[in-house]
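Chain by chain, the residues:
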Amino acid sequence: MERKIIAHGIDISAHQGRVNWKKVANWRGNYGEKVDFALLRAGYGRGNQSIAEPYIHQHIEEAAAEGIGIGIGLYWFCYATNAEEAKQEARELIAIANQHKGKITFPLVYDLEYDSDDYAVKQGRPLNRRIRTDMIKAFCEECERAGYFSMFYTNEDYLQTKLYEDELIGRYDLWQAAPFARGSLHNLNIANDGTVNAYVRSNANIWQYYWWGEIPGINGVADLNLAFRDYPKIISEVGLNYLKPNVPVIEPEPVYKLVLKTKDRAEAERILSILKEANLIKA
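All values reported here derive from a predicted model rather than from experimental measurement.

Thresholds, definitions, all that
Residues numbered from 1 in each chain as written. Predicted model: local features only at pLDDT ≥ 70, side-chain atom pairs only at ≥ 80, totals over all residues. Heavy atoms only, no water. Helix = DSSP H or I, 4+ residues; strand = E, 2+ residues; numbered from the N terminus. Expected span 1.5 Å × (residues − 1). Buried < 20%, exposed > 50% of the residue type's maximum accessible area, 1.4 Å probe, protein only. Polar contact = N/O pair within 3.5 Å; in protein donor to acceptor, adjacent residues only side chain to side chain. Phe/Tyr/Trp six-rings, centres within 6.5 Å; stacked < 30°, edge-to-face > 60°. Lys NZ or Arg CZ within 6 Å of the ring centre and 35° of its normal. Core = buried A, V, L, I, M, F, W, Y, C linked by side-chain atoms within 4.5 Å. Salt bridge = Lys/Arg side-chain N within 4 Å of Asp/Glu carboxyl O.

(A) Spotlight on helix α5 (residues 129-145). Over its 17 residues, α5 extends 24 Å from the first C-alpha to the last, a length consistent with the 24 Å expected when each residue adds 1.5 Å. Within the sequence span of α5, burial applies to Arg132, Thr133, Met135, Ile136, Ala138, Phe139, Cys140, Glu142 and Cys143. Two or three places before arginine 130, at the opening of α5, asparagine 128 has a side-chain oxygen 3.0 Å from that residue's backbone nitrogen. Downstream of α5 by a residue or two, glycine 147 has a phi angle that is positive, lying close to 95°.

(B) Quick look at the packing of aromatic side chains. According to the stated counting rule, one finds 14 aromatic pairs in the structure shown. An angle of 65° between the planes, with centres 5.5 Å apart, marks the rings of tyrosine 148 and tyrosine 242 as edge-to-face. With tyrosine 148 in the loop between α5 and β7 (150-155) and tyrosine 242 in the loop between α8 (231-237) and α9 (265-277), the pair connects residues that are 94 residues apart, well separated along the chain. For tyrosine 148, a relative accessible area of 1% gives the class buried. Across the ring face of phenylalanine 228, the terminal group of arginine 3 is positioned such that the distance to the ring centre comes to 4.2 Å.

(C) Here's a closer look at the nonpolar core. With 61 residues, the main nonpolar core has Ile10, Trp21, Val24, Leu40, Leu74, Leu108 and Phe152 as its most contacted residues. Of all hydrophobic cores here, the second largest spans 16 residues; its members include Trp175, Ala177, Tyr231 and Ile235.

(D) Quick peek at the pattern of salt bridges. Using the criterion set out here, one finds 18 salt bridges in the structure. We note a salt bridge from glutamate 167 to lysine 137, for which the minimum N-O separation is 2.6 Å. You can see glutamate 167 sitting in helix α7 (residues 165-168) and its partner lysine 137 sitting in helix α5, a full 30 residues away along the chain. When salt bridges with common partners are traced through the structure, they connect Arg130, Asp134, Lys137 and Glu167 into a single cluster.

Keep in mind that these numbers describe shape and distance, not what the molecule does.
Structural data, given as structure tokens:
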């Protein structure tokens, strides 16, 4: 279906190592796209078993310094096995985001997929639809309580077969994984008017459309994404993510002092009456 593109972006993790954000900021793609936002994996796991990304703080600060700060979001990979553990994972992510207040202009995201299920099985605590759905709710609600805009990431099959979709879509924004096969990016139709015509949900807010993007400044390949909402604007308008609302400045009306130099009080009152009727003075 056809969707209006608001911004182009990438998502990266420790697999790419350190990033040269200056080169990333200067990159232009085949369709004239640039990196308008970066979704950074902040870590994975829960509690004492959580592992933060080795370069997450450098990524945030350096990306912001190169102007990609118009769109920096963070995501956490799920290894929880119940809602309480999902809350703890949210707290781990929030703790990282809180160190960069004012620079996180995209959502905090919960990444739930098949590897999450495999981990739970190995722990002897397999997941089901109810548990998975409640984990996403618990994670997102914890982020919201901390003052952040939240969303979740998964693919189409996982959404339809592993989750209670109707409880999530509409309540939380969706980052959809539905990438093209490697080498077929040329089939993607990005029009000159900034629209894309491809397989993507009408209710997907970000679409991860390609896993093998080659961008100078990034080691190996990076996932490419399209955003269909203006997150920096939306988030700042409601005052989330510790961003200041974009409230227009209203200039005060100029104030003038009127002095009537006359000894005739009746004449002065007559002049004031005329000025008031003409709305030229307020008092």
